[in-house]
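# Survey of secondary and tertiary structure
Below, each chain spelled out in residue letters.
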Amino acid sequence: MSGGEERDGVSLTNLDQPLFDGAEATKRDLVDYLDAVGDRIIAELAGRPLSVIRVLRGQNPFMQKNVPKYTPPWVRTIKMWAESSKREVSYALCDDRRTLLWFANQRAIEYHPTLMRVEHLDRPTYLVMDLDPPTPDAFHLAVGAARLVRQALADAGMDSAVKTSGSKGLHVFVPLTEGATTWDVAAATRAVAVRAERLDPALATTAFIREDREGKVFLDSTRAGGATVAAIYSPRIRPGTPVSYPVGWDNLDDVTPADFTIHSVPELIGDRDPWADQLPEPQRISSDLIEEGHTIPVARVQAMHEGKRRARARRT
């Protein structure tokens with residue numbers, strides 16, 4: 001078979017095909033990369049309902065939540081209600097090398113796990129802030145905003161770690177003890193965003209509606225509940241196939257997202273797991289953060305109501 005082989009009982013096919021337009025990589029590069037960082041990425045994927053973004057030849061990328069009918073029986077799955085599609089979805093759990101290799105052969109490039117594990121689906125293990133700069137060349141603004149978030153967290157007695165999103169921005173992560181519910185974590189995330197915005201409102205904004213952001217970094221506090229986040233070490237469907245990668249707080253000024261690709265990362269990390277090294281110990285969210293957050297409207301809901309109000313205003 002041209003461009004085929006077998007690893008861990010998984011038949012790998014068409015390995016010499018380009019991954020996607022602008023990837024500067026083949027399917028073999030993807031498989032080799034995921035195999036090289038397998039232990040590190042599986043540590044974050046294991047036990048978490050997984051959505052992946054695939055790119056089939058000649059087609060646009062698409063997100064896959066529900067596993068296909070031809071999924072091997074050894075791939076662990078969990079059935080969950082999906083509020084967005086109003087149906088039960090069978091999510092995969094990527095718990096081992098064989099499952100990861102199977103996904104790679106399916107041309108699954110991006111890996112987006114939930115913030116919860118299956119044993120506690122109402123207890124997120126992370127508080128996450130997604131920092132979205134206004135343009136792809138404004139990573140330096142995301143760096144500044146990340147420091148605001150770090151400060152807001154520190155003021156609340158919490159320590160954090162940061163990684164590139166693999167796209168144009170950054171993700172700030174706080175590991176949590178198992179106490180807080182989804183609703184409380186979501187509320188605390190909103191409070192952190194508002195406090196960070198208050199530190200420098202010229203740089204950062206919590207405005208959910210894009211036209212209201214005025215060239216500022218969007219502090220996206222909606223990565224809670226059933227939302228997913230690109231996993232650490234996950235490739236992204238972007239030119240050059242960059243990877244979500246951990247960066248030390250002191251090194252943020254010296255890197256760009258393009259520094260970390262499926263070609264460069266295996267050599268960068270060697271036998272280490274820099275994400276595990278940088279993550280602080282799990283922490284409890286302070287009650288005042290949660291209480292403040294519950295007084296702040298949910299961004300998507302607020303934006304929906306504001307959008308309707310503006311539409312009415314335009315009509316009249």
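All values reported here derive from a predicted model rather than from experimental measurement.

The number of helices and strands found in the protein chain is 9 helices and 13 strands. What you see for the protein chain is a C-alpha radius of gyration of 20 Å, in line with the 20 Å of a compact globule of 316 residues. When the backbone C-alpha atoms are referred to their principal axes, the protein chain occupies close to 60 × 45 × 45 Å. Put simply, the protein chain has 316 residues, and 55% of those count as buried. For the protein chain, long-range pairs separated by at least 24 residues make up 71% of all intrachain contacts whose partners lie at least 6 apart in sequence. Accessible area for the protein chain stands at about 14,700 Å²; split by element, carbon and sulfur atoms hold 49% of it. Put simply, the protein chain has 40 plus and 44 minus side-chain charges, and the middle of one group is 8 Å from the middle of the other.

Let's shift gears to the packing of aromatic side chains. All chains considered together, the criterion is met by 8 aromatic pairs. For the ring pair Phe 173 and Trp 275, a centre distance of 5.4 Å and an interplane angle of 80° mean the geometry is edge-to-face. Residue Phe 173 is located in strand E10 (residues 170-175), and its partner Trp 275 is located in helix H7 (residues 274-278); the two are separated by 102 residues in the primary sequence. For the pair formed by Phe 173 and Trp 275, the shared burial category is buried. Aromatic pair Tyr 233 and Tyr 245: ring centres 6.2 Å apart, planes at 70°, arrangement edge-to-face. With Tyr 233 in the loop between strand E12 (217-220) and strand E13 (246-247) and Tyr 245 in the loop between E12 and E13, the pair connects residues that are 12 residues apart, well separated along the chain. The residues Tyr 233 and Tyr 245 share a single accessibility class, namely buried. Three or more aromatic residues link up through ring pairs in this structure, and these residues are Tyr 70, Trp 102, Phe 103 and Tyr 111. A cation over an aromatic ring shows up here: Arg 98 above the ring of Trp 74, its NZ or CZ 4.1 Å from the ring centre. We note Arg 213 situated over the ring of Phe 218; from NZ or CZ to the ring centre the distance is 3.9 Å.

Bringing the packing of helix H4 (residues 139-155) against helix H5 (residues 182-199) into the picture now. The geometry of H4 relative to H5 is characterised by a closest axis approach of 8 Å and an angle of 115° between their N-to-C directions. The chirality of how H4 crosses H5 is right-handed. Contacts between H4 and H5 involve Leu 148, Val 149, Gln 151, Ala 152 and Leu 153 from the former and Val 192, Arg 195, Ala 196 and Leu 199 from the latter. Per-class residue counts for the contact of H4 with H5 are 7 nonpolar, 1 polar and 1 charged.

Pairing in this open sheet of 6 strands is mixed, and the strands run E11-E12-E8-E10-E9-E13 from one edge to the other. Lying at the two open borders of the sheet, with one neighbouring strand each, are strand E11 (204-205) and E13. Here 2 bridges tie E11 to E12, and the two strands are oriented parallel to one another. Counterpart to Thr 205 in the pairing with E12 is Phe 218. Most of the contacts of H4 go to E10, to which it runs at about 20°, and overall it touches strand E8 (126-132), strand E9 (161-164), E10, E11 and E12.

UniProt feature "domain: DNA ligase D polymerase" (unreviewed entry): in the numbering of this structure it lies at residues 26-275. Taken as a whole, residues 26-275 contains 28% helix and 21% strand, while its terminal C-alpha atoms sit 26 Å from one another.

Right, let's talk about the pattern of salt bridges for a bit. A side chain of one charge can pair with a side chain of the opposite charge if their charged atoms are brought near each other. Scanning all chains against the criterion turns up 20 salt bridges. For the salt bridge of Arg 238 with Glu 110, the shortest nitrogen-to-oxygen distance reads 3.7 Å. Taken together, the residues Arg 238 in the loop between E12 and E13 and Glu 110 in strand E7 (residues 108-113) connect sequence positions 128 residues apart. Classification of Glu 110 as buried rests on a relative accessible area of 2%. Residue Asp 122 pairs with Arg 123 through a salt bridge whose shortest N-O separation is 2.9 Å. For Asp 122, a relative accessible area of 42% gives the class partly exposed.

Calculation criteria
Residues numbered from 1 in each chain as written. Predicted model: local features only at pLDDT ≥ 70, side-chain atom pairs only at ≥ 80, totals over all residues. Heavy atoms only, no water. Helix = DSSP H or I, 4+ residues; strand = E, 2+ residues; numbered from the N terminus. Rg over C-alpha atoms; globule rule 2.2 N^0.38 Å. Buried < 20%, exposed > 50% of the residue type's maximum accessible area, 1.4 Å probe, protein only. Contact = heavy atoms within 4.5 Å. Areas by Shrake-Rupley, 256 points an atom, 1.4 Å probe, with all protein chains shown as cover. Lys, Arg positive; Asp, Glu negative; His and termini not counted. Charge placed at Lys NZ, Arg CZ, Asp CG, Glu CD. Phe/Tyr/Trp six-rings, centres within 6.5 Å; stacked < 30°, edge-to-face > 60°. Lys NZ or Arg CZ within 6 Å of the ring centre and 35° of its normal. Axes fitted to C-alpha atoms, helices over the stretch in contact; angles between N-to-C directions. Left-handed = near helix turned anticlockwise from the far one by under 90°. Nonpolar A, V, L, I, M, F, W, Y, C, P; charged D, E, K, R; others polar. Pairing = 2+ DSSP bridges. UniProt positions renumbered as here; feature names shortened; annotations may be inferred. Salt bridge = Lys/Arg side-chain N within 4 Å of Asp/Glu carboxyl O.

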